[in-house]
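Descriptive structure summary
Okay, here's what each chain looks like letter by letter:
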Amino acid sequence: MTLLIGIPLEVAPGERRVATVPEVVEKLIKLGFAVAVQSGAGAGANFGDGDYRAAGAEVVATAAELWARSDIVFKVRPPSSEEVALMREGATLIGFVWPTQNPELMQQLAARRATVLAIDSLPRTLSRAQKMDALTSMAGISGYRAVIEAAHAFGRFLNGQVTAAGKVPPAKFFIAGAGVAGLAAIGTAASLGAIVRANDTRAEVADQVKSLGGEFVKVDYEEEGSGGGGYAKVMSEGFQQAQRAMYAQQARDADIIITTALIPGKPAPKLITAEMVQSMKPGSVIVDMAAEQGGNCELTVPGEAVVRHGVTIVGYTDLASRLARQSSTLYGNNLLRVVEELCKTKDGTINVDFDDDAIRGLTVIKEGSVTWPPPPIKQPAVAPKPQPAAAAAASAPKKGHGSSEPMSAKSLAIVFGIGALAFLLVGLFAPATFLSHFTVFVLACFIGYMVIWNVTPSLHTPLMSVTNAISSIIAIGALVQVAPPLGGSAAGDRPSGLILGLAVGALALTAVNMFGGFAVTRRMLAMFRK
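Residues numbered from 1 in each chain as written. Predicted model: local features only at pLDDT ≥ 70, side-chain atom pairs only at ≥ 80, totals over all residues. Heavy atoms only, no water.

The name given to the protein chain in an unreviewed UniProt entry is NAD(P) transhydrogenase subunit alpha, and the organism recorded there is Paraburkholderia lacunae. As stated in UniProt under Catalytic activity (unreviewed entry), the record for the protein chain gives "NAD(+) + NADPH + H(+)(in) = NADH + NADP(+) + H(+)(out)". (UniProt positions renumbered as here; feature names shortened; annotations may be inferred.)

Before going further, it helps to spend a moment on the packing of helix 1 (residues 22-30) against helix 11 (residues 324-342). Close contact between helix 1 and helix 11 brings their axes to 9 Å; oriented N to C, the two are set at 10 degrees. On the basis of their axis angle, the class for helix 1 and helix 11 is roughly parallel. From helix 1, E23, V24, K27 and L28 reach across to helix 11, where they touch T329, G332, N333, L336 and V339. Grouping the amino acids of the contact of helix 1 with helix 11 by side-chain chemistry returns four nonpolar, three polar and two charged. (Axes fitted to C-alpha atoms, helices over the stretch in contact; angles between N-to-C directions. Helix = DSSP H or I, 4+ residues; strand = E, 2+ residues; numbered from the N terminus. Parallel < 35°, antiparallel > 145°, perpendicular 65-115°, else oblique. Contact = heavy atoms within 4.5 Å. Nonpolar A, V, L, I, M, F, W, Y, C, P; charged D, E, K, R; others polar.)

Turning our attention to the packing of aromatic side chains. Overall, the coordinates contain five aromatic pairs when judged by the stated rule. On the basis of an interplanar angle of 15 degrees and a centroid distance of 5.6 Å, the ring pair of F96 and Y331 is categorised as stacked. Within this pair, whereas F96 is found in the loop between strand 5 (92-95) and helix 5 (103-111), its partner Y331 is found in helix 11, the two being separated by 235 residues in sequence. The exposure class assigned to F96 is buried, which follows from its relative accessible area of 7%. Between the aromatic rings of F174 and Y247, the centroid separation amounts to 5.4 Å while the plane-to-plane angle is 70 degrees, which identifies the pairing as edge-to-face. You can see F174 sitting in strand 9 (residues 172-176) and its partner Y247 sitting in helix 9 (residues 237-253), a full 73 residues away along the chain. For the pair formed by F174 and Y247, the shared burial category is buried. An aromatic cluster is defined as three or more aromatic residues linked by ring pairs; in this entry it consists of F96, W98 and Y331. (Phe/Tyr/Trp six-rings, centres within 6.5 Å; stacked < 30°, edge-to-face > 60°. Buried < 20%, exposed > 50% of the residue type's maximum accessible area, 1.4 Å probe, protein only.)

As a further point, take the pairing of strand 17 (residues 311-314). Burial along strand 17 is two-sided: the residues V311 and I313 and T312 and V314 are all buried. Sheet topology places strand 15 (residues 285-288) next to strand 17; three bridges connect them, and they run parallel. Residue pairing across strands places V287 opposite V314, the latter belonging to strand 17. Sheet topology note: the strand 16 (residues 305-308)/strand 17 ladder contains four bridges and is antiparallel. Paired with A305 across the bridge in strand 17 is V314. The turn linking strand 16 back onto strand 17 is made up of two residues, and H309 within it adopts a positive phi angle of 55 degrees. (Pairing = 2+ DSSP bridges.)

Printed below as a string of structure tokens:
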């Protein structure tokens, strides 16, 4: 039986996003589903009812009809109590739920025998889950929009300018928290010409901050802040004191502060105190991206922009919604990837498979049974450590081929002795014609090696080094055969026509190999130069 996916109008105040867009509707239909959209659901994101009809969706007049008919419901915001009451018993809900913060909603959904996949509960440590990670998609948009809101409230250029009317210094940003939203803010502010500094409790993000054009400001206190799952953890009191001192210093210097610090399941930590706000220059701006969870600034008013001590504090909770068309498109693609995992047979049905770590993490209620929180993800089995004796044997240096140790003096003397004896036997017993050719071969090896050794390393790869060394040996040997013999030009001293032809052919092929190789290498290197 083909299941119907319903897209209701979001009822949260100020929410302009929609859970899917017309281009995603077409892909859902190809997976075998039918799609119904409540009339006006996409209006806030500039998607009309006609756009959905053209993509193959049915447009339903009322929310009650949509919820009653839908087997699967896509939502952006958690459903209200009124929406849960309209929900078809045994239906599936996919969207943001925040199960830890909404225990009453969880009980209401369980009472409807619903299956609920909370997109905010996706295990972000799974690499294949990135395509479904709506938190990352929305955080990136929010970080970008935070800079735009800051620029709007700031009142002057972000980049430095020198004009006939005077010099304008670049704005100084300080980003508290370098997660996905923080990194998006850093990249946006730096691209607009501002001076950007950032801090995070996780030391490993310092390189990411620098790569986006920011400067990482380190807290003068040694403590690791990674909390697992891509989030930060609650830090010790000693670290927090050192962090507050650093934030106080940055507040006095910065023109714009953007805070992004959130810890799952906990109120937002207070990073910017009222005293820090008072110390900021008049006209400065704070954008508190954690306002929905209480805010990182003590003076933040969630949902509003207020002025305190001459500083504008932006506490908007709908930053992603302020770019509704873009955020709806990305969110719709995230939910599409979830459905693709649920419907691998592409027959318009879904299978909530608990053997799949990503689906198990997403599922907070299954057929009325609360399954939140999920069990820890099974880590791959670690190979057993070798026994001490085996480890010692494995780590013991091997003699002979492949050994990294230099040869001993005795071994070196033996090798040279054998080589000298071999040369002596060749000189005493080999024919004169062989001796001359052998001398040419030895000289060609030596000269060819020296020729390639002195080539600039950036002009050849290790493989080319070997092939060019061999080519040099061939070239030197061929030149000796082609060149007139020393001490005369008797006919008996000249090479035969066959040898001469082979020597000329060898020179031509070697030249093509060597010079062609250098030409190709130069073109490859040019691809990586700006």
